[in-house]
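Chain by chain, the residues:
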Amino acid sequence: MKLKPNLFDYATSELSQDAFLTWLIQWADKDYREVDSFLNACAISFVQELLGKDKSYSIETVEAGRQWNNIDVWALVNNKYFLVIEDKKGTKEHSDQLIRYSELSKKHYEKSDIDIKLVYFKMEEQGKYRDIKEAGFSLFQRSKMLLILEDYINSTERSQQNDIIVDYYNNLDNLDKKIKSYLNKPLNEWHWYSWQGFYSELQKHIGGNWEYVANAAGGFLGFWWNWNYSKIDGREFEYYLQLEQDRFVFKLYSYKENDRREVRDFYRRHLYKKAKELNLGISQFGRLGAYMGVAKLNSEYRLTYENGLLDFQATVENLKGLMKLINETEKEITALNTLYS
């Protein structure tokens, strides 16, 4: 028997999610308690989380809408809090939009006692959130939304459940499974969301950032970490490690265009020497440029169990071991700088 069609398998745009969020927030108003008490309770839990309040905070009045001064979703709660929600679906923040939304809201309510609450709503994964936090926005991520919706699903009989909530929950739960699929799919079956999940978890163990990198071949999700600064004969450069999905690359950034070839050849020579000492197989890779590949690892950096699934912890330890190669190379370069200074 086929499952019923899911609304959010078709309503995939950011505007569709904006509409859902606005609709759910509006249900928190006290006037809807007698209409559907379970949905009202779910919406109240959502608004409490958006405000950073605990379950004891009472939600009485709510006025919600979309696209006020280009803000995705807004809500005035209890005539005390103005919620600004930046909703991102498959994209990330750009330019200074978050700071602009914050300033617009604060200016609009500067002569009142209303507090501004800034929320960045992101259900997919993202490589970095520093700019978001610096703009004063709090993060509202998938795990929190799933818990709120699960509480609603588990506390209501099927006949009482709102189909829109159920569809959104099922769609979000399916996304969660896709993102975690790096743990239960063979390496050669990983897809876009598998890499998102892998990189996000990897960040927690070795730091770094990741995002989409466009190129003529169609682009890839790149992960980079372990940035270091060095110089030789006055030529300044930075070196770091990069994952290009299933490829492990040693990278350089040369400060000056005229230094690129000399810096690359010098660094590659010492990198090869240390790789041989550590019994690591690497080969030449990359083209001359500001950010350039120097070499790539010849073997698979992801380690697996006997069943072919990722052994995440072993992979983390393997990556830490590979970091030793450039750390040892840096020691040799530092020694050379000291010798010739």
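Computed from a prediction, not measured in an experiment: that's the story for all the values here. Each chain has its residues counted from 1, following the order in which its sequence is written. Local features in a predicted model are, by the rule used here, given only for residues with pLDDT of at least 70; side-chain atom pairs are given and counted only at 80 or more, and totals for whole chains, interfaces and linings are based on all residues. Hydrogens are left out, water is left out, and the side-chain values use all remaining heavy atoms of the structure.

1. Some points on the packing of helix α2 (residues 14-26) against helix α3 (residues 37-51)
Next, step 1: Only C-alpha atoms enter the line fits that serve as axes; for helices the fit covers just the stretch in contact. Angles between N-to-C directions range over 0 to 180 degrees. Numbered from the N terminus, helices here are DSSP runs of H or I no shorter than four residues, and strands are runs of E no shorter than two. One way to put it is that α2 packs onto α3 with a least axis distance of 7 Å and a crossing angle of 110 degrees. It follows from the interaxial angle that α2 and α3 lie roughly perpendicular. Seen from α2, the contacting residues are Leu-21, Trp-23, Leu-24 and Ile-25; seen from α3, they are Leu-39, Cys-42, Ala-43, Phe-46, Val-47 and Leu-50.
Next, step 2: The class makeup of the residues in the contact of α2 with α3 is 10 nonpolar, no polar and no charged. Oblique is the label for every angle not falling under 35 degrees (roughly parallel), over 145 degrees (roughly antiparallel), or within 65 to 115 degrees (roughly perpendicular). Only heavy atoms matter for contacts: two residues are in contact if any of them lie within 4.5 Å across the pair. Any residue that is not Ala, Val, Leu, Ile, Met, Phe, Trp, Tyr, Cys, Pro, Asp, Glu, Lys or Arg is counted as polar, Gly included; the first ten are nonpolar and the last four charged.

2. Looking at the packing of helix α6 (residues 142-155) against helix α7 (residues 163-179)
Next, step 1: Interhelical geometry of α6 versus α7 gives an angle of 135 degrees and a closest axis separation of 10 Å. Between α6 and α7, the angle is such that the two are oblique. Note that α6 runs across α7; the crossing there is left-handed. Along the contact surface, α6 presents Arg-142, Met-145, Leu-146, Leu-149, Glu-150, Tyr-152 and Ile-153, while α7 presents Ile-165, Val-166, Tyr-168, Tyr-169, Leu-172, Asp-173, Leu-175, Asp-176 and Ile-179.
Next, step 2: A class-by-class count of the residues in the contact of α6 with α7 yields 12 nonpolar, no polar and four charged. Should the near helix be turned anticlockwise from the far one by less than a right angle, the crossing is termed left-handed; should it be turned clockwise, right-handed.

3. Regarding the pattern of salt bridges
Next, step 1: In what follows, salt bridge is the name for a side-chain nitrogen of Lys or Arg lying within 4 Å of a carboxyl oxygen of Asp or Glu. In this structure the tally under the stated criterion is 17 salt bridges.
Next, step 2: A salt bridge links Glu-317 to Lys-320, with the shortest nitrogen-to-oxygen separation between them at 3.9 Å. Residue Glu-317 and its partner Lys-320 are located together in helix α10 (residues 312-340), separated by three residues, close to a single helical turn.
Next, step 3: Here the term buried applies to any residue with accessible area under 20% of the maximum for its type, exposed to any over 50%, and partly exposed to those in between, with areas from a 1.4 Å probe on protein chains only. Overall, the relative accessible area of 43% leaves Glu-317 in the partly exposed class.
Next, step 4: Through salt bridges with shared partners, a single ionic network connects Glu-125, Arg-142, Asp-176 and Lys-180.

4. Brief notes about the side chain of Arg-260
Next, step 1: Looking at the element boundaries, Arg-260 is found in helix α9 (residues 260-277).
Next, step 2: Notably, Arg-260 is buried but unbridged: the nearest opposite-charge side chain belongs to Glu-257, and the N-O separation is 4.3 Å.
Next, step 3: In this structure Arg-260 touches Ser-254, Leu-288, Gly-289, Ala-290 and Met-292, once residues within four positions along its chain are discounted. A residue counts as positive if it is Lys or Arg and as negative if it is Asp or Glu; His and the chain ends are not included.

5. Details of the sheet that holds strand β7 (residues 220-232)
Next, step 1: Taking strand neighbours across the sheet as the criterion, the six strands line up as β6-β7-β8-β9-β11-β10 in an open arrangement whose pairing is antiparallel. Two strands close off the open sheet at either side, each with one partner strand: β6 (209-213) and β10 (282-284). Each neighbouring strand pair of the sheet contributes to a mean axis angle of 35 degrees, computed without reference to strand direction.
Next, step 2: A pair of strands is labelled paired if DSSP reports no fewer than 2 bridges between them. Summarising the sheet, β10 and strand β11 (residues 291-297) pair through three bridges and their orientation is antiparallel. Note on β11: the bridge partner recorded for Ile-282 is Leu-297.
Next, step 3: Docked against the sheet, helix α8 (residues 192-206) engages β6, β7 and β8 (235-244), running at close to 35 degrees with respect to β7.

6. Re the sheet that holds strand β3 (residues 81-88)
Next, step 1: Taken together, the five strands give an open sheet; going across it, the order is β1-β2-β3-β4-β5, and neighbouring strands pair in mixed fashion. Pairing within the sheet leaves two strands with one partner each, and these edge strands are β1 (62-68) and β5 (138-141). When the angles between neighbouring strand axes are averaged without regard to direction, this sheet yields 25 degrees.
Next, step 2: Bridge analysis of strand β4 (residues 115-122) against β5 gives four bridges, and the strand direction is parallel. By the bridge assignment for β5, Phe-121 is matched with Phe-140.

7. What about the packing of aromatic side chains?
Next, step 1: Aromatic rings from Phe, Tyr and Trp, with only the six-membered ring used for Trp, were paired whenever their centres fell within 6.5 Å, and each pair was classed as stacked if the ring planes differed by under 30 degrees, edge-to-face if by over 60, and tilted otherwise. Per the stated rule, a full pass over the model turns up 36 aromatic pairs.
Next, step 2: Arranged with centres 5.9 Å apart and planes meeting at 55 degrees, the rings of Trp-192 and Tyr-212 form a pair that is tilted. Placement of the pair is Trp-192 in helix α8 and Tyr-212 in strand β6, with a sequence separation of 20 residues.
Next, step 3: Note on Tyr-212: relative accessible area 43%, which makes it partly exposed.
Next, step 4: The interplanar angle of 25 degrees and the centroid separation of 4.5 Å between the aromatic rings of Tyr-253 and Tyr-291 together place this pair among those described as stacked.

8. Re the nonpolar core
A general feature of soluble globular proteins is that nonpolar side chains tend to end up buried together.
Next, step 1: In these notes, a set of buried Ala, Val, Leu, Ile, Met, Phe, Trp, Tyr and Cys residues joined through side-chain atoms within 4.5 Å is what counts as a nonpolar core. Ile-25, Phe-46 and Met-145 are the most contacted members of the largest nonpolar core, which totals 43 residues.
Next, step 2: Of all the secondary structure elements, the ones that give two or more residues to this core are α2, α3, β1, β2 (71-77), β3, β4, α6 and α7.
Next, step 3: Top element by residues in this core is α3. It accounts for eight residues.
Next, step 4: Leaving out residues up to four positions away in the same chain, Ile-25 has contacts with Phe-46, Val-47, Leu-50, Val-62, Ala-64, Val-73, Ala-75 and Ile-85.
Next, step 5: If you look at the next biggest cluster of nonpolar residues, it comprises 39 residues, including Tyr-182, Val-263, Leu-310 and Leu-319.

What is shown is where atoms sit, not what they do.
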